[in-house]
Amino acid sequence: MRPSFHPRLTNDPFSDPGLFIPFLFEKRALLFDLGELRGLSPRDLLKVTHVFVTHTHMDHFIGFDTLLRIFLGRDKELHLFGPEGFFRHVEGKLAGYTWNLVHEYHTDLTLKVTEIHPDKALTRVYVCKDRFRSRANQVEEVFTGILLREPSFLVEAAWFDHRIPCLGFSLKENFYVNINKQGLNELGLFVGPWLTQFKKALYEERDPKSEFIFTCEKERTIIEERKFILGELAQKIATVSPGQKITYITDIAGTPKNFEKAIKLAKHSDHLFIEAAFLDCDRDAARKKFHLTAKEAGEIARLARVKHYTLFHFSPRYDHMAQDIEKEAEEAFQNRPGGKP
Ligand SMILES: [Zn+2]
Ligand SMILES: [Zn+2]
């Protein structure tokens, strides 16, 4: 089984944080945090449809300009989510440039920005042709922890204390549909764009008794059409398995409350990306800066029973000591004597 998402950090663990999550079957990606983005090619950046920002400390938000630069002049819609005060920060960035020529563009870029509050989500729209001035009406919705819900996956958020409110994110795939080639052969079907429609029908949980039409196109002309019952076709050509869960947690103080929330958000993740800014011998420094130690990161990964974890956001004071950070977290993850609390 090939996973649908292939997350990777945007930089090495000593550089700005960020997680790039491309989709396997679509030219599309999600981005958690907007630190320095030089590690991503323009081609990769253009796949991004939704950006989730934990907080607007510079190392998590300086990439906004890079992303905007790449998207400018294109017909695209970019969604950005961030914590309280996010509008002010986005608008501050946009106010930093002169937009007197953009109304002449033939294309349009739209930013849909959502500011998350504990109980509500506010959305404002900024259109390039309008010089990115916010459209007057702001949409308010109740916030229940889910930032984005699509047929095949959702993104949820949790609040953490980083001296300021800071968001953590989890991407949960509903389930994974694997296509069985032998089943296709037996029915005389072949791989094509129709499979995307077929998977979509399953993700949307359409009635299994409903009709599904297989279409084969050549040069945009339909050359073959066959009718199936969705559930029967699924039984023959698809294997459904549990989806992936990817969690991203950074810039949180090592407090009991943050621990509890982090374990809940990361519970049973296939892959947890978690900060490990300090070594545990420097716990006082970690406390003062509202960050985790490597040992705490390993403990959270263990208590959340994650399958894999990746550490990042190492303090520059540990240059050449990355192995020590990894070792400390791994001892806590394995709960070996050296790593016991
Ligand atoms: Zn921070
Ligand atoms: Zn940071």
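Placed above this text is the structure.
1. Side note on the coordination of the zinc ion (ligand 2)
Then comes step 1: Bound to the zinc ion (ligand 2) on the protein side are Asp59 (OD), His60 (NE2), Asp251 (OD) and His313 (NE2), at distances that span 2.1 to 2.4 Å.
Then comes step 2: Counting the intervening residues between successive donors of the zinc ion (ligand 2) yields the motif D-H-x190-D-x61-H.
Then comes step 3: Between the zinc ion (ligand 2) and the zinc ion (ligand 1), the interatomic distance is 3.5 Å, and aspartate 251 donates to each metal, bridging them. Of this pair, aspartate 251 sits in the loop between β16 (245–249) and α8 (256–266) while histidine 313 sits in the loop between β18 (308–312) and α11 (322–334); the two residues are 62 residues apart in sequence, bridging distant segments of the chain. Each member of the pair, aspartate 251 as well as histidine 313, is classed as buried.

2. Comments concerning the sheet that holds strand β7 (residues 120–127)
Then comes step 1: Taken together, the eight strands give an open sheet; going across it, the order is β1-β2-β3-β4-β5-β6-β7-β8, and neighbouring strands pair in mixed fashion. At either end of the open sheet lies a strand with only one pairing partner, and these are β1 (8–9) and β8 (139–142).
Then comes step 2: Note: strand β6 (residues 109–116) against β7, seven bridges, orientation antiparallel. Each residue of the ladder has a partner; that of glutamate 115, found in β7, is leucine 122.

3. Remarks on the pairing of strand β13 (residues 211–218)
Then comes step 1: The sheet contact formed by β13 and strand β14 (residues 221–229) spans eight bridges and is antiparallel. Across the sheet, phenylalanine 214 pairs through a bridge with arginine 226, a residue of β14.
Then comes step 2: Counting the residues between successive antiparallel strands, the hairpin from β13 to β14 contains two residues, one of them, glutamate 219, with a positive phi of roughly 45 degrees.

4. Some details on the packing of α8 against helix α10 (residues 294–303)
Any two packed helices are characterised by the angle at which their axes cross and by the distance between the axes.
Then comes step 1: Direction vectors running N to C along α8 and α10 enclose 45 degrees, while the axes themselves pass 8 Å from each other. Judged by the angle between their axes, α8 and α10 are oblique. The handedness of the crossing between α8 and α10 comes out as right-handed. Two secondary-structure elements touch here, α8 through Phe259, Ala262 and Ile263 and α10 through Glu296, Glu299, Ile300 and Leu303.

5. Focus: the packing of α10 against α11
Then comes step 1: Axis separation between α10 and α11 bottoms out at 7 Å; the angle between their running directions is 35 degrees. Viewed along their axes, α10 and α11 form a crossing whose handedness is right-handed. Across from Ala294, Lys295, Gly298, Glu299, Ala301 and Arg302 in α10, the residues of α11 making contact are Ile325, Glu328, Ala329, Ala332 and Phe333.
Then comes step 2: Of the residues belonging to the contact of α10 with α11, the class tally is six nonpolar, one polar and four charged.

6. Section: the pattern of salt bridges
Then comes step 1: Per the counting criterion, the structure on display carries 16 salt bridges.
Then comes step 2: Shared partners join several salt bridges into a network, and the residues in it are Arg8, Asp44 and Lys47.

7. Considerations on the coordination of the zinc ion (ligand 1)
Octahedral six-donor coordination of a metal ideally yields angles of 90 or 180 degrees, compared with 109.5 degrees for tetrahedral four-donor coordination.
Then comes step 1: In the first shell of the zinc ion (ligand 1), the protein supplies His55 (NE2), His57 (ND1), His162 (NE2) and Asp251 (OD), at 2.1 to 2.3 Å from the metal.
Then comes step 2: In this structure, the zinc ion (ligand 1) is coordinated by four donor atoms arranged in irregular fashion, with angles at the metal of 91 to 170 degrees.
Then comes step 3: Read in sequence order, the donor residues coordinating the zinc ion (ligand 1) give the pattern H-x1-H-x104-H-x88-D.
Then comes step 4: Note on histidine 57: relative accessible area 35%, which makes it partly exposed.

8. Quick notes on the pairing of strand β5 (residues 76–83)
Strand residues, when the strand is regular, have side chains that alternate between the two faces of the sheet.
Then comes step 1: Of all eight residues in β5, six are buried, a share of seventy percent or more.
Then comes step 2: Here three bridges tie strand β4 (residues 48–52) to β5, and the two strands are oriented parallel to one another. Each bridged residue has a counterpart across the sheet, and for phenylalanine 52 the counterpart in β5 is phenylalanine 81.
Then comes step 3: Direction of pairing for β5 relative to β6: parallel, over a ladder of eight bridges. Its bridge partner being in β6, proline 83 is matched across the sheet by isoleucine 116.
Then comes step 4: Handedness of the crossover joining β5 and β6 through helix α4 (residues 86–94): right-handed.

How each quantity is defined
- Residues numbered from 1 in each chain as written.
- Chains lettered and ligands numbered in written order.
- Predicted model: local features only at pLDDT ≥ 70, side-chain atom pairs only at ≥ 80, totals over all residues.
- Heavy atoms only, no water.
- Donors = N, O, S within 2.8 Å, 3.2 Å for Na, K, Ca; no water.
- Helix = DSSP H or I, 4+ residues; strand = E, 2+ residues; numbered from the N terminus.
- Buried < 20%, exposed > 50% of the residue type's maximum accessible area, 1.4 Å probe, protein only.
- Pairing = 2+ DSSP bridges.
- Axes fitted to C-alpha atoms, helices over the stretch in contact; angles between N-to-C directions.
- Parallel < 35°, antiparallel > 145°, perpendicular 65-115°, else oblique.
- Left-handed = near helix turned anticlockwise from the far one by under 90°.
- Contact = heavy atoms within 4.5 Å.
- Nonpolar A, V, L, I, M, F, W, Y, C, P; charged D, E, K, R; others polar.
- Salt bridge = Lys/Arg side-chain N within 4 Å of Asp/Glu carboxyl O.
- Tetrahedral: all angles 85-135°; square planar, octahedral: opposite > 155°, others 65-115°.
- Right-handed = clockwise from strand over helix to strand, strands pointing away.

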